[in-house]
Amino acid sequence: MNQALNSPLVIGISSRALFDLKKEDDLYKAEGLEAYTQYQIKHEDSILDVGAGFPLVKAILKLNEFLPNNNKSEVVLMSKNNADTSLRIFNSIKHHELDITRAALTSGESLVPYLEAYGVDLYLSATRSDVVAAVNAGVAAAFIYEPPKASFNPSSEQLRIAFDGDAVIFSEESENIYQQEGLAAFLKHEERNASQPLPDGPFAKLLKTLSFLQSNIHSEPSPIRTALVTARNSPAHERVIRTLRVWGVRVDEVFFLGGIPKTEILRAFRAHIFFDDSHLNLLNSSKHVPCAQVPSSRFE
């Protein structure tokens, strides 16, 4: 079959982001590739538990029920496994009834060249170095944290994605002013530039794609719901609102928190995933909802 990926939304996800492979990864680090290979072959009929990225993938694939056949979203397994160790992953995909049919298996080599080849819009991985390499190659990517508590109850009817603002949807420009000169300088700068759209950040394209899909799905309620959860507050709110207006982007829920913790908002929103650039912001939130860190100059 010769069929190009022309999907409006292509997600690349590593096997460790999709499934819980912590034990297997620990084995690989402790005893090496051969021990890992033999373990995976021996257990290839043992179904893997879901990982932090599983609810997001399931929701994205369910979204295809609302999209025309020539406009489907796509999920591609991006793994450094080899073909011999991958059967357990594919068996788990089949068991969980995930419509994932494409994969890149590189036997330990970099996945970066294949992210572009598959047209990946977003790459999620549990390996920080792979995420940094993807970002350096111009691909939107995020490091996914361990799965939240068992009490996490994602929406089964909507794809729900929450974004931080600065250094995620928007560039680091304003955030750098805050970090280097403090809150007063940041607020003054944002007031002075309220009518100037913020530059695109690494996840601006993803947000715009989700907004495009929303506008082309004629179903109520919409199967996609987005949220902006930002530490900004008044008077730094105006530039955000005007920027989204210029972009023609619909964001369903916006929370200007003024620096208070984001966790309870994310729990109430029931996000399938939350993207933020700050490890400190994600440390507690990731215990309650799936979270992923977007690399920035402060990537830890």
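So, a few notes on the structure that sits alongside this text.

Cut-offs and rules
Residues numbered from 1 in each chain as written. Predicted model: local features only at pLDDT ≥ 70, side-chain atom pairs only at ≥ 80, totals over all residues. Heavy atoms only, no water. Helix = DSSP H or I, 4+ residues; strand = E, 2+ residues; numbered from the N terminus. Rg over C-alpha atoms; globule rule 2.2 N^0.38 Å. Buried < 20%, exposed > 50% of the residue type's maximum accessible area, 1.4 Å probe, protein only. Contact = heavy atoms within 4.5 Å. Areas by Shrake-Rupley, 256 points an atom, 1.4 Å probe, with all protein chains shown as cover. Lys, Arg positive; Asp, Glu negative; His and termini not counted. Charge placed at Lys NZ, Arg CZ, Asp CG, Glu CD. 1 Å grid on protein atoms, 1.4 Å probe; cavity = no way out; pocket = protein on both sides within 12 Å on 5 of 7 lines; lining within 4 Å. Points joined across faces, edges and corners; volume = space filled by probe spheres on them. Nonpolar A, V, L, I, M, F, W, Y, C, P; charged D, E, K, R; others polar. Core = buried A, V, L, I, M, F, W, Y, C linked by side-chain atoms within 4.5 Å.

Moving on to the overall build of the chain. Broken down by element type, the chain carries 13 helices and 10 strands. Against the compact-globule benchmark of 19 Å for 300 residues, the chain has a radius of gyration of 19 Å, which places it among compact chains. Referenced to the eigenvectors of the C-alpha coordinate spread, the extents of the chain come out at roughly 60 × 45 × 35 Å. Here the chain holds 300 residues, and 51% of them are scored as buried. Here the analysis covers contacts within the chain between residues at least 6 apart in sequence; of these, 75% occur between residues at least 24 apart. Here the chain displays about 14,200 Å² of accessible surface, and carbon together with sulfur accounts for 49% of that area. Between the centroid of the 30 positive side chains of the chain and the centroid of its 37 negative side chains there is a distance of 4 Å.

What follows covers empty space enclosed by the protein. The tally for this structure, following the rule as stated, stands at one cavity of 30 Å³ or more. Its boundaries defined by the atoms lining it, the largest cavity holds a volume of some 30 Å³. Residue lining of the largest cavity: L9, I11, L56, I60, L122, I161 and L206, and that is the complete set. Looking at the lining of the largest cavity residue by residue, the classes come out as seven nonpolar, no polar and no charged.

Ranked by internal contacts, the top residues of the largest apolar core, which has 54 residues, are L18, I100, L124, F163, F203 and F275. If you look at the next biggest cluster of nonpolar residues, it comprises 27 residues, including V131, F143, A227 and F274.

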